[in-house]
Amino acid sequence: MGPRRRLPERPRPRLVSLRTTFAVSFAAVTAAVTVLVGILSYNSAARLVRVDQQSVFTEVVQDVRDEVRQQPMSPDDFSSSRPGHDLVRPARTDVQVLGAWGQIVDDGNPVLPVTSRDRAVAVARSAGEVVEHKDVRVEEDLFRIATVSLGDGRGAVQVAQEFSDTEDLLRALQQRTLILMAAVVVAAGLFGWWLARRITRRLVVLTSAAENVARTRRLGIQVPVTGLDEVGRLGRAFDRMLGRLAQSEEDQRRLVQDAGHELRTPLTSLRTNISLLRRIDELPPETREELVADLSQEARELTDLVNELVDLAAGQSDAEPPQRVDLADLAEDVAGLARRRTGRDVVLRVSGETTTHGRSGMLQRAISNLVENAAKFDRGGTAPIEVSVTGPARPGTVRVEVLDRGPGIADGDLVRIFDRFYRAADARSLPGSGLGLSIVREVALAHGGAPFAYRREGGGSAIGFTVGGGPVGDGPVGDGRDGG
């Protein structure tokens with residue numbers, strides 16, 4: 001079987017710019033409207049001109065009929081050579097007089113043709129009989145002709161109206177209308193192109209910025225878009241989106257760096273202890289027990305650190321649907337669990353309306369981290385750990401606060417305790433990853449609030465957070481140091 005022939009690639013369709021589409025659409029709509037208006041205007045004007053010419057001709061013929069019926073008249077009465085003759089000759093109207101036998105006694109200018117019907121009218125006995133001829137060509141011109149009998153066989157009067165000039169005028173009007181329509185369409189196309197260029201100029205800037213981001217993968221690009229219309233709103237939204245993505249990328253990079261730094265210490269300790277396992281038979285029993293206990297402790301801390309990193313990187317279960325949550329109920333569950341785990345007395349104080357809109361799992365994790373933090377730093381204390389849930393401090397907000405009587409927080413550490421992996425100097429010997437309060441900060445910000453911490457009078461510390469004041473995930477972004 002021979003080699004397969006490659007089918008020729010189908011040419012990719014050429015992209016049509018929005019500017020061209022808008023200009024062509026604008027020109028097409030303008031052309032359709034112009035043609036429609038031009039046709040209607042021309043037809044109306046032509047109909048009015050023709051009706052006006054017909055009415056003038058009809059009035060002239062009717063005047064002749066009335067005149068010959070009122071009094072006996074002869075061909076001489078309508079002769080153009082007779083002074084003061086009664087027949088009024090409007091513009092483009094020709095009059096020709098026929099004798100008793102239908103012969104021309106006073107020819108018109110130009111001379112009108114005489115048919116047998118005209119001669120029959122000339123010899124008619126009654127006055128005012130009429131015979132009409134339409135579209136009669138005389139010397140390259142078109143006329144409509146009406147022959148009116150004088151009665152008693154005395155002859156007839158022919159009245160003719162030239163309408164070829166009117167048709168020439170209408171044809172000229174038609175040509176001018178077509179030229180005007182073509183000019184309007186061309187002008188509309190040029191104006192549409194200019195207008196499309198003006199409207200899409202900012203969209204072109206947005207497109208260039210998006211393509212630049214896709215090409216360079218640099219998110220820190222400023223989008224110079226102004227205006228209060230939809231394009232301006234799109235530009236500002238795109239600029240904010242790039243800012244959020246850049247911040248997210250920076251957070252992820254910093255998280256990876258910090259995680260690598262924090263993981264290095266327990267992994268080094270594990271590696272050292274594992275190397276000692278090769279000589280475990282040479283170690284005394286007490287050293288063996290210490291080595292196994294140390295390995296177990298390091299494994300637990302490493303597991304806790306990895307779990308907290310996973311929670312932090314995953315956004316603390318953002319997939320959990322928001323719902324109405326009573327923070328007092330969550331705090332009561334956390335307090336009961338802490339009593340069983342630590343044996344410490346945990347006191348819960350509740351005041352005001354404590355329900356809010358949020359994710360219960362995230363909020364319970366934040367409260368649990370605060371209580372575990374208080375128990376860890378007040379390990380030998382006898383005073384109860386106090387959990388306070390109050391609301392609303394402001395409309396729609398709830399405040400959660402955990403108070404202890406431990407050693408307290410140094411002034412230099414108050415501004416950094418919510419940073420990732422930060423641990424105060426006197427806490428580095430204690431178990432933990434330095435992520436617990438960082439998760440509290442993320443949960444508070446995700447619920448439109450902020451964390452806070454301060455030193456208690458009489459010793460100890462108070463750490464907590466506020467929630468509410470905005471949709472979940474759209475709260476104000478702060479540094480977590482303005483509370484308390």
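The structure presented is a predicted model; accordingly, all values stated were derived computationally and were not measured.

Asks: Before we move on, could you go through a nonpolar patch on the surface and cite the residues and values that matter?
Replies: On the surface, V29, V33 and V37 cluster together into a nonpolar patch covering about 250 Å² of accessible area. Relative to the assigned elements, V29 resides in helix α1 (residues 18-70).

Asks: Explain the packing of aromatic side chains residue by residue, including any values.
Replies: One pass over the structure, following the stated rule, counts 2 aromatic pairs. When the ring centre of F452 is taken as reference, the NZ or CZ atom of R399 above it lies at 4.0 Å.

Asks: Describe in detail the pairing of strand β12 (residues 461-468), supporting the description with residues and values.
Replies: Counting buried positions along β12 gives 7 out of 8 residues, so the element sits mostly inside the fold. The pairing of strand β10 (residues 397-403) with β12 spans 7 bridges and is classified as antiparallel. Within β12, the position partnered with V402 by the bridge is I463. Relative to β12, strand β11 (residues 451-455) is paired through 5 bridges, and the arrangement is antiparallel. When the sheet's bridge partners are listed, A453 is paired in β12 with I463. Count of turn residues in the β11/β12 antiparallel hairpin: 5 residues, of which G458 carries a positive phi of about 90°.

Asks: So what's going on with the nonpolar core? Which residues, and what values?
Replies: Of all hydrophobic cores here, the largest spans 35 residues; its most connected members are L327, L363, I367, I463 and F465. Beyond its immediate sequence surroundings of up to four residues, I463 is in contact with L370, N373, E401, V402, I409, I417, F418, L437, F452 and A453. With 14 residues, the next largest nonpolar core counts V61, V64, V97 and V157 among its residues.

Asks: Talk me through the sheet that holds strand β3 (residues 130-138); I want residue IDs and the actual numbers.
Replies: Judged by pairing direction, the sheet is antiparallel, and its 5 strands sit side by side in the order β2-β1-β5-β4-β3 without closing on themselves. Pairing within the sheet leaves two strands with one partner each, and these edge strands are β2 (104-106) and β3. Mean inter-strand twist for the sheet, computed between neighbouring axes without regard to direction, equals 30°. Sheet analysis places strand β4 (residues 141-149) next to strand β5 (residues 156-162), joined by 7 bridges and oriented antiparallel. Paired with F143 across the two strands is E162, which belongs to β5.

Asks: Describe unusual backbone geometry, and please don't skip the residues or the numbers.
Replies: The residue after N109, namely P110, is reached through a cis peptide bond having omega 10°. Here P110 shows up in the loop between β2 and α2 (116-122).

Asks: Run through the environment of P266, naming residues and quoting values.
Replies: You can see P266 is positioned in helix α4 (residues 230-277). As a C-alpha pair, P266 and L302 span 36 residues in sequence and 6.5 Å in three-dimensional space. Residues in contact with P266, not counting those within four places in the same chain, are E298 and L302.

Asks: Now, about the pattern of salt bridges: what can you tell me, with residues and values included?
Replies: Side-chain pairs of opposite charge can arise whenever the charged atoms involved come near each other. On inspection of all chains with the given rule, the structure shows 6 salt bridges. Here D152 ties to R154 by a salt bridge, and the two come within 3.0 Å at their closest N and O atoms. Judged by relative accessible area, D152 falls into the partly exposed class, the value being 44%. Because the salt bridges share partners, they merge into one network encompassing R125, D152 and R154.

Asks: An account of the sheet that holds β12 is requested, with residue identities and associated values reported.
Replies: Pairing is mixed in the open sheet, where 5 strands are placed in the order β7-β9-β10-β12-β11. Edge positions in the sheet fall to β7 (346-352) and β11, since each of these pairs with one other strand and no more. Neighbour-to-neighbour, the strand axes of this sheet turn through a mean angle of 15°, independent of strand direction. Where strand β9 (residues 385-391) meets β10, 5 bridges bridge the pair, whose relative direction is antiparallel. Each bridged residue has a counterpart across the sheet, and for V389 the counterpart in β10 is V400. Contacts from helix α6 (residues 327-342) reach β7, β9, β10 and β12, with the element oriented near 175° to β7. The sheet strands contacting helix α7 (residues 360-377) are β9, β10 and β12, and the helix crosses β12 at an angle near 175°.

Asks: Pulling in residues and values, what's your account of the UniProt feature "transmembrane region" (unreviewed entry) in the chain?
Replies: Following the UniProt record, the feature "transmembrane region" (unreviewed entry) maps to residues 21-42 and 178-196 here. Secondary structure across residues 21-42 comprises 100% helix and 0% strand; the distance between its end C-alpha atoms is 31 Å. Helix makes up 100% of residues 178-196 and strand makes up 0%, while its end C-alpha atoms are separated by 26 Å.

Parameters at a glance
- Residues numbered from 1 in each chain as written.
- Predicted model: local features only at pLDDT ≥ 70, side-chain atom pairs only at ≥ 80, totals over all residues.
- Heavy atoms only, no water.
- Patch = residues over 30% accessible without salt bridge, like charges linked within 9 Å, V, L, I, M, F, W, Y side chains within 5 Å.
- Areas by Shrake-Rupley, 256 points an atom, 1.4 Å probe, with all protein chains shown as cover.
- Salt bridge = Lys/Arg side-chain N within 4 Å of Asp/Glu carboxyl O.
- Helix = DSSP H or I, 4+ residues; strand = E, 2+ residues; numbered from the N terminus.
- Phe/Tyr/Trp six-rings, centres within 6.5 Å; stacked < 30°, edge-to-face > 60°.
- Lys NZ or Arg CZ within 6 Å of the ring centre and 35° of its normal.
- Buried < 20%, exposed > 50% of the residue type's maximum accessible area, 1.4 Å probe, protein only.
- Pairing = 2+ DSSP bridges.
- Core = buried A, V, L, I, M, F, W, Y, C linked by side-chain atoms within 4.5 Å.
- Contact = heavy atoms within 4.5 Å.
- Axes fitted to C-alpha atoms, helices over the stretch in contact; angles between N-to-C directions.
- UniProt positions renumbered as here; feature names shortened; annotations may be inferred.

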